[in-house]
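Listed below, chain by chain, are the residues.
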Amino acid sequence: MSGLRSALVEALTSIVRQPMRTLLCALGTVVAVGAFTTTNGVTESASNAVAASFSELRATTVEFQGPSTLSETDVARLARLRGVTRAGLVWDLDQQQPLPVAIGPSASGPSQTQLSVTAMSPSALAATGAVLSSGRFYDTGADLHHQMVALLGSAAASQLGISSSLGTPAINVSGIVLTVVGIVSSSQQESQALLGLIVPPYVAGVIAGDRDPRRVIARTVPGAAQLIGRQGPTELDPYQPGLVTAEVPPNPTTLRSQVQASLSTLLSVLSLAGLGIGFLAIAAVTIMSVAQRRSEIGLRRAVGYSRLEIARLIVLEAAGVGMLGGILGTSIGVLATAAIASGNHWTPVMNTTLVLAAPFLGVAVGVLAGGYPAIRAARITPMAALRS
């Protein structure tokens, strides 16, 4: 026992005696263990944050594509499904081709431009999360009473020089006069609508007819999107459900697994590369150290050190360097995980067992890397050392 204690003290003395050489030797292990710890931390944090970072809007939104025959009555049937919170009908007039728009009742008004026109039912305005900066939304009465009204997206309003809906400004769209009742400043789902006009279904029919394909935006409670995506086509078109396609968000469980697998694969490669660098660095520096200390090792042999004691000393030195690299690497890995998680607004999550085991990974690298130099050192004889 005293022999092992003495070897530990001598190994520690050798490590402390040349701090720069020790730090350079440990650098590879620092990289390896740091990458290992960061791999675990970032993967755990990202997996834990999938539910939070994965947009709730996207996770609870289902979009259906269907023929031009889809109506608000069909959407009402879909809205009655358990799990649907809102649903609305949307379509792009003339397949998003811009239409001539001018301020005032005349088609040759002072400010004329080309704008896209999107038709939305009143329920679609709520389903897409539209927010007004001025005025009001149109309601179901607009279609019932054939009101010729429109909403302007904020970008379109800027193009036309309209800053407010006060005074009910009029615009001319392809020869049809509409009254602007509100300006939409933002929309969670249909942001491209901010670049043009939004009109109720009746007005859309007057401007371009009813030939354009329809879209239905459905908002669901968390976890119901996949089910609504399967049931929706039948509710929207009971006779020809095959004409309706559903675009559903990825399953959060599957997404979590994909994120974890991708991060694990990428960062595991970095860990292996770091381990290789650490192994080679410790082995190379230890071999150089053995060559520089041939006289010292020969003297130790001359005063009674056995081959096993010499080998043990060299292995303990390499293990000490590995332990130092492991501790530094673990600390850097924990800090890197916290920084990455903070930068992505995640909650840092670490596997405590792996963090505690990480420094011993450095020891293992040091022991393996010190094996060959230890064997070479053990073969040095006092006579060979004196001749050199």
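Just so it is clear, the model here is predicted, and its values are computed rather than measured.

Moving on: the packing of helix H4 (residues 72-79) against helix H9 (residues 225-236). Across the interface, H4 lies against H9 with an axial gap of 9 Å and an inter-helix angle of 140°. When the axes of H4 and H9 are compared, the crossing they make is right-handed. The segment H4 lies against H9, with Asp74, Val75, Arg77 and Leu78 engaging Ile228, Gly232, Glu235 and Leu236. A class-by-class count of the residues in the contact of H4 with H9 yields four nonpolar, one polar and three charged.

Another aspect to go through is a nonpolar patch on the surface. On the surface, Met20, Leu23 and Leu328 cluster together into a nonpolar patch covering about 280 Å² of accessible area. Along the chain, Met20 falls in helix H2 (residues 19-53). Judged by its relative accessible area of 56%, Met20 falls in the exposed class.

Applying the stated criterion to the full structure yields six salt bridges. The salt bridge involving Arg215 is made with Asp92; its shortest N-O contact spans 3.5 Å. Of this pair, Arg215 sits in strand E11 (residues 214-220) while Asp92 sits in strand E2 (residues 84-92), and the two are 123 residues apart along the sequence. Accessibility expressed as a relative area gives 10% for Arg215, which makes it buried. Owing to a relative accessible area of 14%, Asp92 belongs among the buried residues under this scheme. Through salt bridges with shared partners, one network takes in Glu63, Asp92, Glu190 and Arg215.

Rules used throughout
Residues numbered from 1 in each chain as written. Predicted model: local features only at pLDDT ≥ 70, side-chain atom pairs only at ≥ 80, totals over all residues. Heavy atoms only, no water. Axes fitted to C-alpha atoms, helices over the stretch in contact; angles between N-to-C directions. Helix = DSSP H or I, 4+ residues; strand = E, 2+ residues; numbered from the N terminus. Left-handed = near helix turned anticlockwise from the far one by under 90°. Contact = heavy atoms within 4.5 Å. Nonpolar A, V, L, I, M, F, W, Y, C, P; charged D, E, K, R; others polar. Patch = residues over 30% accessible without salt bridge, like charges linked within 9 Å, V, L, I, M, F, W, Y side chains within 5 Å. Areas by Shrake-Rupley, 256 points an atom, 1.4 Å probe, with all protein chains shown as cover. Salt bridge = Lys/Arg side-chain N within 4 Å of Asp/Glu carboxyl O. Buried < 20%, exposed > 50% of the residue type's maximum accessible area, 1.4 Å probe, protein only.

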